[in-house]
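Overview (structure and organization)
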Amino acid sequence: MNPDLELAMELADAADVITLRHFRSVDLVVETKPDLSPVTQADLTVEEAVAERLAFARPDHALVGEEFGAQGSSGARARWIVDPIDGTKNYVRGIPVYATLLALEIDGELTVGVASAPALGRRWYAARGEGAFADGERIAVSKIADLAQAKLSHSSIENWAAKGQMARFLDLAAAVGSTRGFGDFWQHMLVAQGSVDVAVEPEVSLWDLAALKVIVEEAGGRFTDLKGVSTAAGGSVLSSNGLLHEEALARIGT
């Protein structure tokens, strides 16, 4: 296994232990961040554990995480991008759809991605040029080429309204065969494994997407922002099996 991916899997193992320990715990500490999103004791503990391990295993690498921001040298060629718990609102409510997301970026290119969802009993991972996998089995995007037959997944409806993009979203929703609101990391991993054909979100951060981009692309799909730019840092996302990307983008793109 790619040594960087092997390290990312080790970090995910440690994160899973922490998040499962606190999941549905009656004494889980939940606070509200300035942006009004929740943060839990588990979020903080996972990011601290990842940072501690990386400081030992890759001391010349930098780190950027959702909870503590940038750490390490700003001039480092390599940086790890970490979301300790993607789907914290689910986690707080006892919903098992959450994951720790870990990505490695070297010289501006995302090279490794891991999305570990221990409460679902599922882990997706990939390294550039080596394919995408889930629990040891290779995965691939679907071959649906007709938008009218496609399954679309989306994030919360209120986010589309808040961004003033409801009309575009509804246009895309009306054009597909069916819609589901799986949301967060899960919908993009469902694209990667061929269970969903298109997934969209209007407002996301780098740490929400970095790991997922590697996995979707290594599974044969496409992953861009809503302007069609191939990036995890565009603030929005459209993932697809590739065959439907341009048509979906024409309907919902900005």
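Remember, it's a predicted structure, so these values are computed and weren't measured experimentally.

**What to know about the packing of aromatic side chains**
Remark: the centre distance and the inter-plane angle together describe each pair of aromatic rings, the angle taken between the planes. All told, the structure shown has 7 aromatic pairs when counted by the stated rule. Judged by centre distance (5.9 Å) and plane angle (15°), the ring pair of Y125 and F133 falls under stacked. When the centroid spacing of 5.2 Å and the interplanar angle of 75° are considered together, the rings of F182 and W186 count as edge-to-face. Accessibility expressed as a relative area gives 28% for F182, which makes it partly exposed. Members of the aromatic cluster, joined through ring pairs, are F23, Y91 and Y98.

**As for the pairing of strand β8 (residues 122–127)**
The buried fraction of β8 is high, at 5 of 6 residues. Where strand β7 (residues 109–117) meets β8, 6 bridges bridge the pair, whose relative direction is antiparallel. By the bridge assignment, G113 is partnered in β8 with A126. Two elements, β8 and strand β9 (residues 132–134), share 3 bridges in a ladder whose sense is antiparallel. Among the inter-strand pairings, A126 is bridged to a residue of β9, identified as A132. The turn linking β8 back onto β9 is made up of 4 residues, and G129 within it adopts a positive phi angle of 80°.

Cut-off values and rules
- Residues numbered from 1 in each chain as written.
- Predicted model: local features only at pLDDT ≥ 70, side-chain atom pairs only at ≥ 80, totals over all residues.
- Heavy atoms only, no water.
- Phe/Tyr/Trp six-rings, centres within 6.5 Å; stacked < 30°, edge-to-face > 60°.
- Buried < 20%, exposed > 50% of the residue type's maximum accessible area, 1.4 Å probe, protein only.
- Helix = DSSP H or I, 4+ residues; strand = E, 2+ residues; numbered from the N terminus.
- Pairing = 2+ DSSP bridges.

Taken by themselves, the reported measurements are silent on function.
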